[in-house]
Amino acid sequence: MKRHLLSLAIASSLSVPVFAATELVTSFENPPYASGEPEYLEITPQGGSATIIDYVQQHASDGSNAMLASFAAELEPVLIWNWGTWDWSSHDNIYVDVTNPGTSDAVVAFKVIDQDIATGCWCDESHATIQYYTVAAGKSTTLAMSLNGGHEDQTHGENFDKNKALGVQVLLGEAGAADLYFDNLRVGTISSEPTPPEVPEAANQVHSAPVKTLALLEGFDGDELAEYIVPDQGLSVNVVDKGVSQGAKALEVVYPAGGWGSLVFNPNPAWNADELGDNLAIAIDVTNPADQSIELFTRLQSDGGVSGDINNRAARILAGKQTRTIYVSLNDNPPWDMNEWDQNGRVAALGMRDLPASPARDAWGQDFELNSANITELRFFLAQPAADTTLIFDNLRVIKDLNHSSAFAGLLDAKGQNSQVTYKYKVADQTDLSDLGSAETANGVLGRLQGAARAANGFGHPSLQPNQSCVMASPASFNACKDTNGKWHLVDADGNAFFSTGVANIRLADTYTMTGSATEGDSSALRQAMFTEVPTTYENANYGPVHSGPVSRGQAVSFYGHNLVQRYGSEQAWRSNTLNRMKDWGFTTLGNWTDPAFYAETDMPFVANGWTRNCRGCEPVNTIGDGYWGGCRTHGTRPLPAMPRQWLPRSKLS
């Protein structure tokens, strides 16, 4: 029988979770039925079981009584079932309060079956959902199981139908006997959790730059075009539900071959962006569904163009359904990188390799700082395309000009998140983080699964045993040996062939972000202004040198380290959860450059890294390559057995 041993947080009281509106199934008041309910509910040990149930006043969390289940052995269920069925279609979870007064932890299974389950044994798992929990000795807690499934720690039958629930089973999931008290069985509807923002269907949604919208000019969500949107010279336009970056609709435009047709916006009255601040730009999301890249031209003018205030710009949209957010500066600010093909300008000024959106660049003619209080025309056109060309436009808006430093002020919040936009699962405050950590440990999300390459001993695989001549008589650690066929094997402490897989760099050392405050050279006021708040924990005042950016050495902070302690309570707790994740995901080794603090907290093999170096008596030594990763050194023409950073599977000795 498959078992998940789930640790469940201790409830401070046996009350209904604040996030759920619940409906009582039974409070175990009057055997064999729930008080005040129709006599369709029966509570009984299931067929032939030696388990005994009673109704007592101890450990009642609702009403006067609780149900005492004296389990005689594992897999002997107490059944709470309905002569008809329950319709729980409007509910998300099922809950029961449980107390374990014993001196040993109890593994409890919680199972719901529907009326179509196979009769006789009620063992058709396709019509059932089940989850296992560990209830700590001497503790009371609330078990909560999703009726919708979808959790890695829950076995949810593909045919389970919560609309016609027939019965609930509670049973021990491990050998032994235990007295457990149950009360307040109910189903709940999650009602006050934050509702994530609605997004279009994945098939329709395209990427939009995560930049704050100061004003939406046009979302194309109406069934018909606004009067000020004018397709000229034979353009075909349609409102469609594909290529959508915001809202539900976008605008599909077909440019005829050989022409200069334009999609024209003639706002009346003119757009006045002055009240939105200085250094602004107009941005739009453009998708190219064709298999040919195109050069899209923009023509933006103010004051009717009478004073020559007309800017012509161009942006390239690549083939293959690429979506780009392009923007046109109203102030004619030059882009950070004057050369389109290098990053030096952005990296030196911002410490950023790229921008979230792409500037439309010089096309022809003289450029002007436009009058942002009187934008009178905007055009998007192609220069005589060789064939009919389709583009999709969405989300025409005003943003801060990303060619100007003011667009990056306050970019990151105190958690290191983008402060300019709201998105699904964005963390609002510290309470959200700690709640996430509590839910993760309380529901036993981590630490039960076993990867396909992990045997009962947790490391080697019995089916991959090497020849006996390769196995040490008394293995004490992890070794490498060659069998009689000349094949090399890693061997675990039990003599089984061991396939090492692991994730490198499980550590916090590489999670630091430069804040712009320098200890060598000049500080960067632009970089410093990007942070609304810098955490005081996980701060390194003299970090570096770093590879690139406006500051090579100075203050750095790990938002990740700060957040994980807020989430889990300590770095040690994070390491424990991380180890459980590695095991759940089937990894057998802690990869290279893992923080050594992990070594003392697990029997999982780890990788130690070493270096080769020149030494007396080793001449001649040749070095192949150089750079960040170092060189590969050889002795004469014969390679040394070690690379610059060497992967050595090792473990603590037993």
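Because the structure is predicted, anything quoted here is derived from the model rather than measured.

1. What about the sheet that holds strand 14 (residues 229-231)?
Part 1 of the reasoning: Within the open sheet, the 6 strands sit side by side as 14-17-24-19-20-23. Their pairing is antiparallel. Because the sheet does not close on itself, it has two edges, and the strands there are strand 14 and strand 23 (361-362).
Part 2 of the reasoning: Here strand 14 runs beside strand 17 (residues 262-265); their pairing, made up of 3 bridges, is antiparallel. The partner of I229 across the bridge, within strand 17, is F265.

2. A few points about the side chain of T594
Part 1 of the reasoning: In this structure, T594 sits in the loop between strand 32 (589-590) and strand 33 (606-608).
Part 2 of the reasoning: Note on T594: relative accessible area 4%, which makes it buried.
Part 3 of the reasoning: In this structure the side chain of T594 is engaged in a polar contact, spanning 2.6 Å, whose partner is the backbone oxygen of G591.
Part 4 of the reasoning: Filtering out sequence-adjacent residues up to four positions away, T594 remains in contact with V503, N505, I506 and Y599.

3. Side note on the nonpolar core
Part 1 of the reasoning: Formed by 35 residues in total, the largest nonpolar core has its most connected members in W88, I94, F110, V112, L180 and F182.
Part 2 of the reasoning: If you tally residues by element for this core, the top one is strand 12 (residues 178-190), at 5 residues.

4. Thoughts on helix 4 (residues 559-568)
Part 1 of the reasoning: Those residues of helix 4 that fall on the buried side of the exposure criterion are F559, G561, H562, N563, L564 and Y568.
Part 2 of the reasoning: Backbone geometry just downstream of helix 4 places G569 in the positive-phi region, at approximately 100°.

5. Some thoughts on empty space enclosed by the protein
Taking a probe equal in size to a water molecule and rolling it over the atoms shows the remaining empty space.
Part 1 of the reasoning: According to the stated counting rule, one finds 2 cavities of 30 Å³ or more in the structure shown.
Part 2 of the reasoning: Space inside the largest cavity adds up to approximately 60 Å³.
Part 3 of the reasoning: The set of elements that each furnish at least two residues to the lining of the largest cavity consists of strand 18 (280-288), strand 19 (294-302), strand 21 (322-329) and strand 24 (375-381).
Part 4 of the reasoning: Partitioned by chemical class, the residues of the lining of the largest cavity number 9 nonpolar, 1 polar and no charged.

6. A look at unusual backbone geometry
One can expect most non-glycine residues to show negative phi and most peptide bonds to be in trans.
Part 1 of the reasoning: With an omega dihedral of 5°, the bond running from N268 to P269 counts as a cis peptide bond.
Part 2 of the reasoning: Here P269 shows up in the loop between strand 17 and strand 18.
Part 3 of the reasoning: A cis amide bond links G544 with the next residue in sequence, P545, at an omega value of 0°.
Part 4 of the reasoning: Relative to the helices and strands, P545 is located in the loop between strand 30 (539-543) and strand 31 (554-557).
Part 5 of the reasoning: Phi angles above zero are rare outside glycine, and K321 is one such case at about 65°.
Part 6 of the reasoning: On the basis of relative accessibility, which here comes to 63%, the residue K321 falls in the exposed class.
Part 7 of the reasoning: A positive phi is found at Q384, a non-glycine position, where the angle reads about 45°.

7. A look at the packing of aromatic side chains
Any two aromatic rings considered together are summarised by their centre-to-centre distance and by the angle between their planes.
Part 1 of the reasoning: Scanning all chains against the criterion turns up 15 aromatic pairs.
Part 2 of the reasoning: A centroid spacing of 5.0 Å and a plane angle of 10° characterise the contact between W86 and W88, whose relative ring orientation is stacked. When sorted by exposure, W86 lands in the same class as W88, which is buried.
Part 3 of the reasoning: Aromatic rings pair up to connect F220, Y228, F265, W271, F380 and F393 into one cluster.

8. Observations regarding the packing of helix 4 against helix 5 (residues 571-584)
Part 1 of the reasoning: Taken N-terminus to C-terminus, the directions of helix 4 and helix 5 make an angle of 90°; their axes are 8 Å apart at the nearest point. Judged on the interaxial angle alone, helix 5 and helix 4 are roughly perpendicular. Listed contacts from helix 5 to Y560, L564, V565 and Y568 of helix 4 are E571, A573, W574, N577 and R581.
Part 2 of the reasoning: The residue makeup of the contact of helix 4 with helix 5, split by class, is 6 nonpolar, 1 polar and 2 charged.

9. Notes on the environment of K249
Part 1 of the reasoning: Tracing the backbone through its elements, the reader meets K249 in the loop between strand 15 (236-240) and strand 16 (250-255).
Part 2 of the reasoning: Distance from K249 to G222, taken between C-alpha atoms, is 7.7 Å for residues 27 residues apart in sequence.
Part 3 of the reasoning: Not counting residues within four places of it along the chain, the set of residues in contact with K249 comprises G219, F220, D221, D223, V239, V240, D241, V244 and D394.

10. Looking at the sheet that holds strand 30
Part 1 of the reasoning: Within the open sheet, the 3 strands sit side by side as 29-31-30. Their pairing is antiparallel. Of all strands in the sheet, those bounded by a partner on one side alone are strand 29 (513-518) and strand 30. Strand-to-strand, the axes of this sheet are offset by a mean angle of 30°, without reference to chain direction.
Part 2 of the reasoning: In this sheet, strand 31 lies alongside strand 29 in antiparallel orientation, the contact comprising 3 bridges. Bridge assignment links M514 to a residue of strand 31, and that residue is A556.

11. Quick look at the pattern of salt bridges
Part 1 of the reasoning: For the structure on display, the rule yields 16 salt bridges.
Part 2 of the reasoning: Residue R553 pairs with E520 through a salt bridge whose shortest N-O separation is 3.3 Å. Residue R553 is found in the loop between strand 30 and strand 31, and its partner E520 is found in the loop between strand 29 and helix 3 (525-528); the two are separated by 33 residues along the sequence.
Part 3 of the reasoning: You can call R553 buried: its relative accessible area is 17%.
Part 4 of the reasoning: Between E601 and R575 there is a salt bridge, with the nearest N and O atoms lying 2.8 Å from each other. Pair noted here: E601 is in the loop between strand 32 and strand 33 and R575 is in helix 5, with a separation of 26 residues, a long-range link.
Part 5 of the reasoning: A residue is classified by how much of its surface remains accessible, and E601, at 31% relative accessible area, is partly exposed.
Part 6 of the reasoning: Taking relative accessible area as the criterion, R575 reaches 11% and is therefore assigned buried.
Part 7 of the reasoning: If you follow the salt bridges from partner to partner, you end up with D232, R299, E377 and R379 in one network.

Calculation notes
Residues numbered from 1 in each chain as written. Predicted model: local features only at pLDDT ≥ 70, side-chain atom pairs only at ≥ 80, totals over all residues. Heavy atoms only, no water. Pairing = 2+ DSSP bridges. Helix = DSSP H or I, 4+ residues; strand = E, 2+ residues; numbered from the N terminus. Buried < 20%, exposed > 50% of the residue type's maximum accessible area, 1.4 Å probe, protein only. Polar contact = N/O pair within 3.5 Å; in protein donor to acceptor, adjacent residues only side chain to side chain. Contact = heavy atoms within 4.5 Å. Core = buried A, V, L, I, M, F, W, Y, C linked by side-chain atoms within 4.5 Å. 1 Å grid on protein atoms, 1.4 Å probe; cavity = no way out; pocket = protein on both sides within 12 Å on 5 of 7 lines; lining within 4 Å. Points joined across faces, edges and corners; volume = space filled by probe spheres on them. Nonpolar A, V, L, I, M, F, W, Y, C, P; charged D, E, K, R; others polar. Phe/Tyr/Trp six-rings, centres within 6.5 Å; stacked < 30°, edge-to-face > 60°. Axes fitted to C-alpha atoms, helices over the stretch in contact; angles between N-to-C directions. Parallel < 35°, antiparallel > 145°, perpendicular 65-115°, else oblique. Salt bridge = Lys/Arg side-chain N within 4 Å of Asp/Glu carboxyl O.

Honestly, it's all geometry; don't read function into it.
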